[in-house]
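Structural overview
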Amino acid sequence: SAVISQKPSRDICQRGTSLTIQCQVDSQVTMMFWYRQQPGQSLTLIATANQGSEATYESGFVIDKFPISRPNLTFSTLTVSNMSPEDSSIYLCSVEMRDYEQFFGPGTRLTVL
Amino acid sequence: QKEVEQNSGPLSVPEGAIASLNCTYSDRGSQSFFWYRQYSGKSPELIMFIYSNGDKEDGRFTAQLNKASQYVSLLIRDSQPSDSATYLCAVNMRIQGAQKLVFGQGTRLTINP
């Protein structure tokens with residue numbers, strides 16, 4: 001497995017502002033993912049972030065709203081832009097190890113007022 | 001639409017009994033199957049993976065896979081109150097040319113002392 005950290009662990013933000021979430025892993029990985037988990041719901045994939053290429057976004061998620069950076073094989077950021085209360089959620093990064101196994105960071109709990 | 005279906009529960013099991021969690025999936029070509037445990041307020045933790053038809057045992061946990069029936073299950077023997085959590089079934093599927101992990105809605109399990 002891998003040791004994954006996320007910053008911040010939680011935040012309360014005002015409508016219209018932006019928040020950047022950082023994800024750091026203790027080993028080099030090719031595939032990193034960003035998910036959203038709304039209260040009582042399962043995980044929804046936002047995008048796949050591979051080092052050296054543009055992130056690939058899932059249906060319903062766009063780069064202007066959720067820009068992603070992947071500057072190296074151990075780090076990625078997700079920005080939630082121009083936030084509204086509907087963006088209140090837990091945001092999770094994950095990394096893929098062998099055989100499609102994914103391991104998750106501790107998550108960032110975001111509340112937008 | 002490629003889907004993973006789980007009974008959302010809640011599933012209530014007495015301490016010491018066997019808890020049985022079930023999952024069906026729509027993509028007949030799927031080859032990798034995962035069970036995650038998620039405690040309230042925490043991120044998902046990978047507890048089992050299975051790739052071949054049949055049973056795979058790890059301690060008190062047994063994963064069962066039947067690709068012909070597109071069915072995967074998780075058995076927890078000698079259930080403990082600490083097993084109370086939401087269990088997420090995840091299936092690796094090929095969607096629009098990329099391998100993606102598709103999650104079920106999760107089954108909330110409660111072990112009663």
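Described below are features of the structure shown in this document. (Residues numbered from 1 in each chain as written. Chains lettered and ligands numbered in written order. Predicted model: local features only at pLDDT ≥ 70, side-chain atom pairs only at ≥ 80, totals over all residues. Heavy atoms only, no water.)

1. A short note on the overall build of chain B
- Regarding its fold elements, chain B presents zero helices and eleven strands.
- Over its C-alpha atoms chain B spans a radius of gyration of 14 Å, differing by no more than 12% from the 13 Å that the globule rule assigns to 113 residues.
- Counting the 113 residues in chain B, one finds 46% classified as buried.
- Taking the intrachain contacts of chain B between residues at least 6 apart in sequence as the baseline, contacts between residues at least 24 apart amount to 55%. (Helix = DSSP H or I, 4+ residues; strand = E, 2+ residues; numbered from the N terminus. Rg over C-alpha atoms; globule rule 2.2 N^0.38 Å. Buried < 20%, exposed > 50% of the residue type's maximum accessible area, 1.4 Å probe, protein only. Contact = heavy atoms within 4.5 Å.)

2. Focus on the pattern of salt bridges
- All chains considered together, the criterion is met by six salt bridges over all chains.
- The shortest N-O distance in the salt bridge between Lys-100 of chain B and Glu-58 of chain A comes to 2.8 Å. Placement of Lys-100 of chain B in strand β10 (residues 98-103) and of Glu-58 of chain A in the loop between β6 (56-57) and β7 (68-72) is noted, with the two residues assigned to different chains. Here Lys-100 of chain B and Glu-58 of chain A have matching classes, each one buried.
- With a shortest N-O distance of 3.8 Å, Glu-101 of chain A and Arg-98 of chain A are connected by a salt bridge.
- Overall, Glu-101 of chain A belongs to the buried group, its relative accessible area being 3%. (Salt bridge = Lys/Arg side-chain N within 4 Å of Asp/Glu carboxyl O.)

3. Quick look at the sheet that holds strand β7 (residues 61-66) of chain B
All names here are of chain B.
- Strand order in the open sheet made by the five strands is β1-β3-β8-β7-β6, with antiparallel pairing throughout. The open sheet terminates on both sides in strands that have one partner only, identified here as β1 (4-6) and β6 (54-58). Neighbouring strand axes in the sheet, compared pairwise and without regard to direction, differ in orientation by 20° on average.
- Where β7 lies against strand β8 (residues 71-76), six bridges are found, and the strand directions are antiparallel. The residue of β8 that forms the bridge with Thr-62 is Leu-75. (Pairing = 2+ DSSP bridges. Axes fitted to C-alpha atoms, helices over the stretch in contact; angles between N-to-C directions.)

4. Concerning the sheet that holds β7 of chain A
All names here are of chain A.
- Read across the sheet, four strands follow the order β1-β3-β8-β7 without closing on themselves; strand pairing throughout is antiparallel. At either end of the open sheet lies a strand with only one pairing partner, and these are β1 (4-7) and β7. Neighbour-to-neighbour, the strand axes of this sheet turn through a mean angle of 15°, independent of strand direction.
- For β1 and strand β3 (residues 19-25), the ladder comprises four bridges, and the chain directions are antiparallel. When the bridges of β3 are listed, Lys-7 appears paired with Gln-22.

5. Concerning the environment of Tyr-91 of chain A
All names here are of chain A.
- You can see Tyr-91 is positioned in strand β9 (residues 89-96).
- Note: C-alpha distance between Tyr-91 and Gly-105 (14 residues apart in sequence) is 9.4 Å.
- Setting aside its immediate chain neighbours within four residues, Tyr-91 contacts Gln-6, Ile-21, Tyr-35, Arg-36, Ile-46, Phe-66, Leu-78, Val-80, Gly-107, Thr-108 and Leu-110.
- There is a polar contact of 2.8 Å between the side chain of Tyr-91 and the backbone oxygen of Asp-87. (Polar contact = N/O pair within 3.5 Å; in protein donor to acceptor, adjacent residues only side chain to side chain.)

6. Details of the interface of chain B and chain A
- Each partner contributes residues to the interface: chain B has 18 residues there, and chain A has 17 residues.
- Area buried by chain B at its contact with chain A is led by Ser-43, Lys-100 and Phe-103 of chain B, which between them contribute 27% of it.
- Put simply, chain B and chain A have one salt bridge between them.
- Class assignment for the residues of the side of chain B that touches chain A results in nine nonpolar, eight polar and one charged. (Buried area = accessible area lost by both parts, 1.4 Å probe. Nonpolar A, V, L, I, M, F, W, Y, C, P; charged D, E, K, R; others polar.)

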